[in-house]
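Here are the chains, one letter per residue:
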Amino acid sequence: MNRAPLQELAASVDALPELLRPPVRRWLERLLAVHPDARGRLADAAPEQCTALLRLVAASEFAAGVLLREWPWCAALVTGPDRAPELGFSAAAADDPAPFEARLRRFRNRVLLHVLWRDITGRADLFATLAALSELADALILAAVGAAEAELTARAGWVRDPAGEEQRLVVLAMGKLGGRELNFSSDVDLIFLYPRDGESDGERPLGAHEYFTRVARRVVALLEEQTPDGFVYRVDTRLRPFGASGPPVVSFAALESYLLRHGRGWERYAYVKARVLESGNVGHAGRELMAEIVQPFVYRRYLDYGVFESLREMKALIAAESRRRQLQSNIKLGPGGIREIEFIAQSLQLVRGGAEPRLRTPELPRSLNRLAETRALAASAAAELSDAWVFLRRLENWLQGIRDQQTHVLPEDPADRARLALALGARDWRTLAAGIERRRATVAGHFAAVAFRGAAPARPSALRDTLAALWAGTAPAADWQAALAQAGFAQAPEIAELVARFASGAAVRQMGQAGARRLARFVPELLEALSGRPEPSVLLERVLAVIENVLQRSAYVALLNENPAVRERLLYLCGESAWLTDEIARYPLLLDELLDPRERVPEREELALELERRLEAIPAADGERRIEALAQFQRAALFRIAVADVGGELPLMKVSDRLTELAELVLEQVFAIAWDDLVRRHGRPRAGSGRRSAGFGIVAYGKLAGMELSYRSDLDLVFLHDSEEEAQETDGDAPLDNAAFFVRLVRRIVHLLNTQTGSGALYQVDTRLRPSGRSGLLVTSVQAFERYQDENAWTWEHQALLRSRPVAGSAVIAREFERVRSDTLRFRVRRERLRDDVLAMRRRMREQLDRSGDAGFDLKQGRGGIADIEFLVQYLALLNAEQHPAVIHYPDNIRQLGTLGAAGCLDAAQVSELQAIYRTYRVRLHRLALDERPPFADPAEFADERARVVDLWQEIFGAPPP
């Protein structure tokens, strides 16, 4: 080696921290003595590569040792181009005669060295480093499994279940390996499983449990045994059922039974990061394990705010252990450490992952991003936690990389502190320590905000203490009444009776210990919150109806305890709307919607994206699960609209628009599910000589067509197709006549819309407006529909057609329907008898439906009410449609009135008056419906509006309303 490179190397050594120069010089001298060719390789290397090599040696004694032992292989690191670690490991390398165990260990050390090299040279960020470490572990563990199976199979054969299907060992990775986030010198947390019981098919048969126990123990030995080449991984199997006292390997059925009967809160946290180590032999079994056993245990279908109670309990245990073991310097378990970041993410995943499949990921960085996207965690908090996690995990890797030791404690040794500062690019230890403390303080703050939300009342309260004592002592109604009256409660007798009856109810008596504890905290805080509110007994009755329905899943009570703002929103909504109270009581998942305080309802495009996201993880062929997800989406969206409505954030017309858009989205999706299901079985319906695909469309009538939908409105639907020719059929393996295909399609659509799911029915469907009503076909061709309108339709059916529009299905059908509608309303209306027909229909409706009387004025059917306005509009539109086609362009009353004014059929003042009166009536009806009250107003109310409608009716028809 010439003098210049030696001088450059000496200069690079001199640039290192003073404490690290002597060991690096000794290493360099030993390298040149043991590997004389190193002189030439270093002379040929670029100066920056040599400098990086010396920095790596200075930062890691482990790396220095591997470089000395493996110099012929390692030399390429400093002389060749950058490359990613080679992670493929062959169990039978023809060019390497060393024993399998030795090759495992040498391969592991080489890759670990390469990982450190790419980190210190800046060629790999933390995510690439963790991925490489995890892929390495996957490869080596699976290689060990393959070797262990091969050894036993030679004697005992393969295990087969009673059906003859081969069974293989399934390895469930937990912890950081499960999350593909393995650190440099980590244990690997593994659970060994097998799918089903059976017996091996070799000369010396073994039962499945004995067989896989032997395989698992051999795998652990291959990985753990200390040899002259070191070890591969320390294996921790204590997360298996019953921990260290449990069997080393269990069947899927045994794991499922254990989780159902004995699974504890901390195990749900652990299983968040569960991942099957994939190999070609266990793919299907691994997917079965995760989908049918692990995920149902981890993610509850309902909100699980009881998670925060268990989180606080775990935190208290960890804090006590930290004090006992003096873990202040532990960057994993100490305050503000890596574990707290994991707990934050995992607790929020457990709470919301049941309803939000996107959150079901074992990878922490991805979970933080998705928690921010779903607003379960503030974006700023997620960003700060991500920054801290990246920093602390890189620090952890280099801390362990110093000597390939599993440690998380910050060093006291000045040389090791210098090594860490050098590896992490800090100016010195003091600078690095300041960065560590800043991030740990940030993490600790966020952890407290998550774990201790609502953990204790904000302020002491003598009233709450009194109420808590009464609840604990199961006090009689008289005692409650005395305490409430003394505290100044209005309606104290009624409240006392409600509380006493609730406390003695079966639902409360049957609660478990955890639920009883949560309820004992909730009731006093609820009662205290009622003080000073109007009609507190009505409000209490409604809230208790909700609580009674969720007591068997007391995590909902925990949600209200943990989130005072959610409890306050629940009280507000129960006070404003009996309908919303009933919705929450029937579908407690809606409580999740109260976590977001914003009342803005997404636009149609946003709702469509949300629906797409909910459905993307469900196979298209799984119609049942897709309908359940659709029902959950629809129920949540309805609720959000109602919350914004009650809060005054949406005017009535916008409420109806949103409800209509929601119904259209649901219809489109239900149609797609039903269509795909039938097409898979029977093929597509074909029509015409060119064998084109026959079209199908859904037409809305009434409120859906007129964009006047309310919360419990039925959907009036008519179904059309364009396959009229006979002998047309589908093109699948089990063909159907087109007519039969479309009848089945409509029945399937109506069934899916009407069927009760766990989240309720989507909509009730009314098909009586189809041609010939109940006696007519469920679905007709466009041609038959047009013939019916021409030859058989009554005037009332033309009135109904005026309020109709296509909402789903084929664009061709939609255009054809619009043509038929326009032609019918313009040219097929029998105008010579129109007035008499309209008056006669209105008379029959009044006789049958008007409930005005002692209860008050019937806003819908009463004289001068909504129906009178609608009949006026329909009469004028049908009367003038031929001369003024624009009057039939829109399907809703408000815009029809506008076009009638523009055409001169009504003057501007009349239009404004009728639009204002119509809106006024609808707003009142809407409010009454939200509070589940009948559609009546005080007889003296709306007197001027009613009189004006009657006058206009007299003016237009020449007679008063029937």
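Anything mentioned here points back to the structure above.
Keep in mind it's a predicted model, so treat the numbers as computed, not measured. (Residues numbered from 1 in each chain as written. Predicted model: local features only at pLDDT ≥ 70, side-chain atom pairs only at ≥ 80, totals over all residues. Heavy atoms only, no water.)

(A) Spatial organisation of the overall build of the chain. Tallying secondary structure elements over the chain gives 41 helices and 17 strands in all. Taken along the three principal axes of its C-alpha coordinates, the chain extends 120 × 85 × 65 Å. The burial tally for the chain puts 56% of its 962 residues in the buried class. Summed over all atoms, the accessible surface of the chain reaches about 40,700 Å², with 50% contributed by carbon and sulfur. Put simply, the chain has 127 plus and 133 minus side-chain charges, and the middle of one group is 3 Å from the middle of the other. (Helix = DSSP H or I, 4+ residues; strand = E, 2+ residues; numbered from the N terminus. Buried < 20%, exposed > 50% of the residue type's maximum accessible area, 1.4 Å probe, protein only. Areas by Shrake-Rupley, 256 points an atom, 1.4 Å probe, with all protein chains shown as cover. Lys, Arg positive; Asp, Glu negative; His and termini not counted. Charge placed at Lys NZ, Arg CZ, Asp CG, Glu CD.)

(B) Just helix α33 (residues 738-754), in detail. Look at α33: 24 Å from first C-alpha to last across 17 residues, which is about the 24 Å you get at 1.5 Å a residue. What α33 keeps buried is the set Asn738, Phe741, Phe742, Leu745, Val746, Ile749, Val750, Leu752 and Leu753. Each buried residue of α33 lies within a common arc of 165° when the element is viewed along its axis, so the set occupies one face. You can read the cap of α33 off the contacts: a side-chain oxygen lies 2.9 Å from the backbone nitrogen of Ala739, and it is on Asp737. (Expected span 1.5 Å × (residues − 1). Arc of directions from axis to C-beta. Polar contact = N/O pair within 3.5 Å; in protein donor to acceptor, adjacent residues only side chain to side chain.)

(C) Examining the pairing of strand β3 (residues 170-173) more closely. Here β3 shows two buried faces, one formed by Val170 and Leu172 and the other by Val171 and Ala173. The pairing of β3 with strand β4 (residues 188-194) spans four bridges and is antiparallel. Each residue of the ladder has a partner; that of Val171, found in β4, is Phe192. Here β3 runs beside strand β8 (residues 275-276); their pairing, made up of two bridges, is antiparallel. Each bridged residue has a counterpart across the sheet, and for Ala173 the counterpart in β8 is Arg275. (Pairing = 2+ DSSP bridges.)

(D) Seen up close, the pairing of strand β12 (residues 715-721). For β12, a buried count of seven out of seven residues is recorded, marking the element as mostly surrounded by other parts of the structure. The side-chain alternation of β12 yields two buried faces, one formed by Leu715, Leu717, Phe719 and His721 and the other by Asp716, Val718 and Leu720. Both strand β11 (residues 696-701) and β12 contribute to a ladder of six bridges, which runs antiparallel. In the strand pairing of β12, Tyr701 is matched with Asp716. By the bridge criterion, three bridges tie β12 to strand β14 (residues 779-781) in an arrangement that is parallel. Each bridged residue has a counterpart across the sheet, and for Leu720 the counterpart in β14 is Thr780.

(E) Focus on helix α4 (residues 47-59). With 13 residues, α4 ought to run about 18 Å at 1.5 Å a step, and its terminal C-alpha atoms sit 18 Å apart, in line with that. Among the residues making up α4, those that are buried are Gln49, Cys50, Ala52, Leu53, Leu54, Leu56, Val57, Ala58 and Ala59.

(F) Region of interest: the environment of Glu135. Inspection of the secondary structure assignment puts Glu135 in helix α8 (residues 126-156). By relative accessible area, which is 44% here, Glu135 ends up partly exposed. Each C-alpha atom, one on Glu135 and one on Thr213, is 25 Å from the other, the two residues being 78 residues apart in sequence.

(G) A look at the packing of aromatic side chains. Scanning the model with the defined rule gives 20 aromatic pairs in all. Between Phe696 and Phe719 the ring centres are 6.1 Å apart and the planes differ by 15°, which places this aromatic pair in the stacked class. Taken as a pair, Phe696 in strand β11 and Phe719 in strand β12 lie far apart in primary sequence, 23 residues in all. Per residue, the accessibility class of Phe696 equals that of Phe719, and both read buried. Through a chain of ring-to-ring contacts, three or more aromatic side chains come together here, namely Phe671, Trp675, Phe696, Phe719, Phe741 and Phe742. A cation sits over an aromatic face here: Arg108 above Phe231, 4.9 Å from the ring centre. (Phe/Tyr/Trp six-rings, centres within 6.5 Å; stacked < 30°, edge-to-face > 60°. Lys NZ or Arg CZ within 6 Å of the ring centre and 35° of its normal.)

(H) Focus on the pattern of salt bridges. Scanning the entire structure with this criterion turns up 72 salt bridges. Linked by salt bridges that have partners in common, Asp582, Glu583, Arg586, Arg635, Arg712 and Glu932 make up one network. (Salt bridge = Lys/Arg side-chain N within 4 Å of Asp/Glu carboxyl O.)

(I) Molecular detail of the sheet that holds strand β1 (residues 159-160). Taken in spatial order, the three strands of this open sheet run β2-β1-β5, and their pairing is antiparallel. Looking at the sheet topology across the chains shown, the edges are occupied by β2 (166-167) and β5 (199-200). Note: β1 against β2, two bridges, orientation antiparallel. The residue of β2 that forms the bridge with Arg160 is Glu166.

(J) Inspection of the packing of helix α34 (residues 782-791) against helix α36 (residues 811-828) at higher detail. Orientation of α34 relative to α36, taken along the N-to-C sense of each, is 10°, at an axis distance of 10 Å. Between α34 and α36, the crossing angle belongs to the class labelled roughly parallel. Residues Val782, Phe785, Glu786, Gln789 and Asp790 of α34 lie in contact with α36, whose contacting residues are Ile813, Glu816, Phe817, Arg819, Val820, Asp823, Thr824 and Arg828. Looking at the contact of α34 with α36 residue by residue, the class counts come to five nonpolar, two polar and six charged. (Axes fitted to C-alpha atoms, helices over the stretch in contact; angles between N-to-C directions. Parallel < 35°, antiparallel > 145°, perpendicular 65-115°, else oblique. Contact = heavy atoms within 4.5 Å. Nonpolar A, V, L, I, M, F, W, Y, C, P; charged D, E, K, R; others polar.)

(K) Structural context of the environment of Glu628. Here Glu628 shows up in helix α30 (residues 623-646). On the accessibility criterion, Glu628 (16% relative accessible area) is buried. Note: C-alpha distance between Glu628 and Leu752 (124 residues apart in sequence) is 9.9 Å.

(L) Molecular detail of unusual backbone geometry. Of note, the phi angle at Met707 is positive, near 55°, even though the residue is not glycine. Structurally, the position occupied by Met707 is in the loop between α32 (702-705) and β12. Located in the positive-phi region is Glu932, a residue other than glycine, with phi close to 55°. Tracing the backbone through its elements, the reader meets Glu932 in the loop between α40 (908-930) and β17 (936-937).

(M) Examining the side chain of Arg567 more closely. Relative to the helices and strands, Arg567 resides in helix α27 (residues 564-576). Taking relative accessible area as the criterion, Arg567 reaches 12% and is therefore assigned buried. Of note is the side chain of Arg567, whose polar atom sits 3.0 Å from the backbone oxygen of Leu560. With sequence-adjacent residues up to four places away left out, Arg567 is seen in contact with Phe522, Glu525, Leu560 and Asn561.

(N) Focus on the packing of helix α12 (residues 265-272) against helix α15 (residues 338-352). It is the contact of α12 with α15, at a shortest axis distance of 10 Å, that shows an interaxial angle of 100°. Classified by the interaxial angle, the pair formed by α12 and α15 is roughly perpendicular. For the pair α12 and α15, the contacting residues are Arg268, Tyr269 and Val272 in the first and Phe343, Gln346, Ser347, Gln349 and Leu350 in the second. Split by residue class, the contact of α12 with α15 holds four nonpolar, three polar and one charged.

(O) Looking closely at the side chain of Glu610. Tracing the backbone shows Glu610 in helix α29 (residues 604-615). Leaving out residues up to four positions away in the same chain, Glu610 has contacts with Phe633 and Arg640.

(P) Focus on the nonpolar core. Of all hydrophobic cores here, the largest spans 148 residues; its most connected members are Trp27, Ile141, Leu172, Tyr271 and Leu289. A per-element tally of this core places α8 first, with 15 residues. Look past the residues within four positions of Leu172 in its chain and what remains in contact with it is Asp189, Leu190, Ile191, Leu193, Tyr271, Ala274, Arg275, Val276, Leu289 and Met290. Counting 111 residues, the second-largest nonpolar core is a separate cluster that includes Phe522, Leu530, Leu611 and Phe633. (Core = buried A, V, L, I, M, F, W, Y, C linked by side-chain atoms within 4.5 Å.)

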